[in-house]
Each structure stands twice: as structure tokens, then as C-alpha cells.
Amino acid sequence: YVRRAMRVDPIPFYTKLFGKKRYQQHLADREFIRSLVCGIVDARRNDPAPGPTENMLDIMLHSADPETGEKLHSENVVNQILTMMAAGSETSAN
């Protein structure tokens, strides 16, 4: 899916002429995965796992910058997770 979604066609108006249905499916898929990840991030931020955890999501959500004390915004965490999902699938598939 990631390879297909990242494909850039050099033909102007390609999605309007031939790929409209495929492009609309891509937009729906992208919205679905983003909302799924947003839901997981929000649930984990609002109800952290009890006890010490050593997974990447909890570290990104609950660790603070040592100099400023700021934590990552949820949108940043979502973008990082989506990037890792795409990068991980591409590197392991090749």
C-alpha cells in the first residue's frame, strides 16, 4: 500500500481522468489509518499503562525534554508512528 500511495504520476490530471476511484480510496485509507493511530495515542495518553513501561509509544508520550520540560504533542507522535509504520514496511519488504 505504501509504495502505491507514494507513487507520483507525471501525467497532469491523471487522478481526474483515470484514477479518481483509486485516489478516493487512498484518501479514505489514509484517513482511516490516521484516525486509528490518533485513537490509540489519545487513549494511551489519557490512560497510561500502570507501572514502568519500555515501549516506544509510552516513551514518546510521557518523556519530557530535559532542557525545556516540554512533551511531544499528540499530532507529532501520530506523525512519528505513521512514518515508522511506512518506513518499517518498506525496509522489511525489500
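Our subject is the structure that appears above.
All figures in this text were calculated on a predicted structure; none of them were measured in a lab.

Here is what the cut-offs are and how they apply
- Residues numbered from 1 in each chain as written.
- Predicted model: local features only at pLDDT ≥ 70, side-chain atom pairs only at ≥ 80, totals over all residues.
- Heavy atoms only, no water.
- Helix = DSSP H or I, 4+ residues; strand = E, 2+ residues; numbered from the N terminus.
- Buried < 20%, exposed > 50% of the residue type's maximum accessible area, 1.4 Å probe, protein only.
- Contact = heavy atoms within 4.5 Å.
- Core = buried A, V, L, I, M, F, W, Y, C linked by side-chain atoms within 4.5 Å.
- Expected span 1.5 Å × (residues − 1).

Draft legend 1. Seen up close, the environment of His62. Here His62 lies in helix H4 (residues 56-62). For His62, a relative accessible area of 31% puts it in the partly exposed group. C-alpha separation for the pair His62 and Arg45, spaced 17 residues apart in sequence, amounts to 7.8 Å. When near neighbours in sequence (up to four residues on either side) are disregarded, His62 contacts Arg44, Arg45, Pro48 and Lys71.

Draft legend 2. Geometry of the nonpolar core. Judged by nonpolar contacts, Val37, Val41, Leu57, Met60, Leu61, Val77, Val78, Ile81 and Leu82 together constitute the single largest core of 9 residues. If you list the elements that add at least two residues to this core, you get helix H3 (20-46), H4 and helix H5 (74-93). In terms of residue count, H5 provides more of this core than any other element does, 4 residues in total. Not counting residues within four places of it along the chain, the set of residues in contact with Val41 comprises Leu57, Leu61, Ser74, Val77, Val78 and Ile81.

Draft legend 3. Just the environment of Val78, in detail. Residue placement: Val78 occurs in helix H5. Taking the C-alpha atoms as reference points, Val78 and Arg34, separated by 44 residues in sequence, lie 7.5 Å from one another. Residues contacting Val78, with those up to four places away along its chain left out, are Arg34, Val37, Cys38 and Val41.

Draft legend 4. Structural detail: H3. For H3, with 27 residues, the first-to-last C-alpha span of 39 Å sits near the 39 Å given by 1.5 Å per residue. When we look at burial in H3, the residues that qualify are His26, Val37 and Val41.

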